[in-house]
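Residue-level structure breakdown
Here are the chains, one letter per residue:
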Amino acid sequence: MRAPTIEDDGWQLLDAQERHLEFPGSFEIPDERIRTALVVGDFAKLLFSIGTTGEEGDQETVERMWVVVSERVEGRYLGLLDNEPESIAENDRLWRGVELPFGPEHVIDAQRGDAESVALSKGEPLRRWPR
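The model shown is predicted, which means the values in this text are computed figures rather than measured ones. (Residues numbered from 1 in each chain as written. Predicted model: local features only at pLDDT ≥ 70, side-chain atom pairs only at ≥ 80, totals over all residues. Heavy atoms only, no water.)

**Remarks on the nonpolar core**
Within the largest apolar cluster, 19 residues are counted, with the highest numbers of intra-cluster contacts made by W11, L46, F48, L81, L100 and F102. Going through the elements one at a time, β1 (11–13), β2 (43–54), β3 (57–73), β4 (76–81) and β5 (99–102) are the ones with two or more residues in this core. The dominant element in this core, judged by the number of residues it contributes, is β2, at 4 residues. If sequence neighbours within four positions are ignored, L81 has contacts with F48, M65, W66, V67, L94, W95, R96, G97, V98 and L100. (Core = buried A, V, L, I, M, F, W, Y, C linked by side-chain atoms within 4.5 Å. Buried < 20%, exposed > 50% of the residue type's maximum accessible area, 1.4 Å probe, protein only. Helix = DSSP H or I, 4+ residues; strand = E, 2+ residues; numbered from the N terminus. Contact = heavy atoms within 4.5 Å.)

**Quick word on the pattern of salt bridges**
Scanning all chains against the criterion turns up 10 salt bridges. In this structure, the salt-bridge partner of D31 is R33, at a minimum N-O distance of 3.0 Å. Between D42 and R112 there is a salt bridge, with its nearest N and O atoms 2.3 Å apart. Residue D42 is found in the loop between α3 (32–35) and β2, and its partner R112 is found in the loop between β6 (107–111) and α4 (115–121); the two are separated by 70 residues along the sequence. One network of salt bridges, with partners in common, ties together E71, E99, E124, R128 and R131. (Salt bridge = Lys/Arg side-chain N within 4 Å of Asp/Glu carboxyl O.)

**With respect to the packing of aromatic side chains**
The relative placement of two aromatic rings is captured by the distance of their centres and the angle of their planes. Across all of its chains, the model carries 4 aromatic pairs by this definition. Aromatic side chains W11 and F48 sit 5.5 Å apart centroid to centroid with 45° between the ring planes, which places their arrangement in the tilted category. Placement of the pair is W11 in strand β1 and F48 in strand β2, with a sequence separation of 37 residues. Grouping residues by exposure puts W11 and F48 together as buried. Considering the side-chain rings of W11 and W129, the 5.9 Å spacing of their centres and the 65° angle between planes classify their relative orientation as edge-to-face. Taken together, the residues span a long stretch of sequence, with W11 in strand β1 and W129 in the segment after α4 at a distance of 118 residues. Residue classification places W11 among the buried residues on the basis of a relative accessible area of 2%. For W129, a relative accessible area of 3% gives the class buried. Of the aromatic side chains, those joined through ring pairs into one cluster are W11, F48 and W129. (Phe/Tyr/Trp six-rings, centres within 6.5 Å; stacked < 30°, edge-to-face > 60°.)

**A few points about the side chain of R35**
Along the chain, R35 turns up in helix α3. Despite its burial, R35 pairs with no opposite charge; the closest candidate is E32, at 5.1 Å N-O. In this structure R35 touches Q17, I29, P30, Y77, P104, E105 and V107, once residues within four positions along its chain are discounted. (Lys, Arg positive; Asp, Glu negative; His and termini not counted.)

Written as structure tokens, this is what we have:
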């Protein structure tokens, strides 16, 4: 499954592990055991780099957003975005309900799910990620 890129998708995920290694005292992430053991319905917070166009030209904005895990695929995850990005207008490529791939290295926070989030994870995505 391909990873999202700014060039192809207008956004990409940032590596939380790299940031943690670069700034260990100020950028904490969950233990690897937690990041690799997410199950359907759990929440993962990810760092998104989103391409934007403004008065100063093309830029990248970073947003922290929650995703509900909907599937595990060979040590990776598929999830449904559970936030609406603040830096871009509503669209069908990156908006609440779109499906997206991510890995444990992208997780900056995690929360256990409940019956409501499990039901949400089984819903039809606004847009499916190409497989």
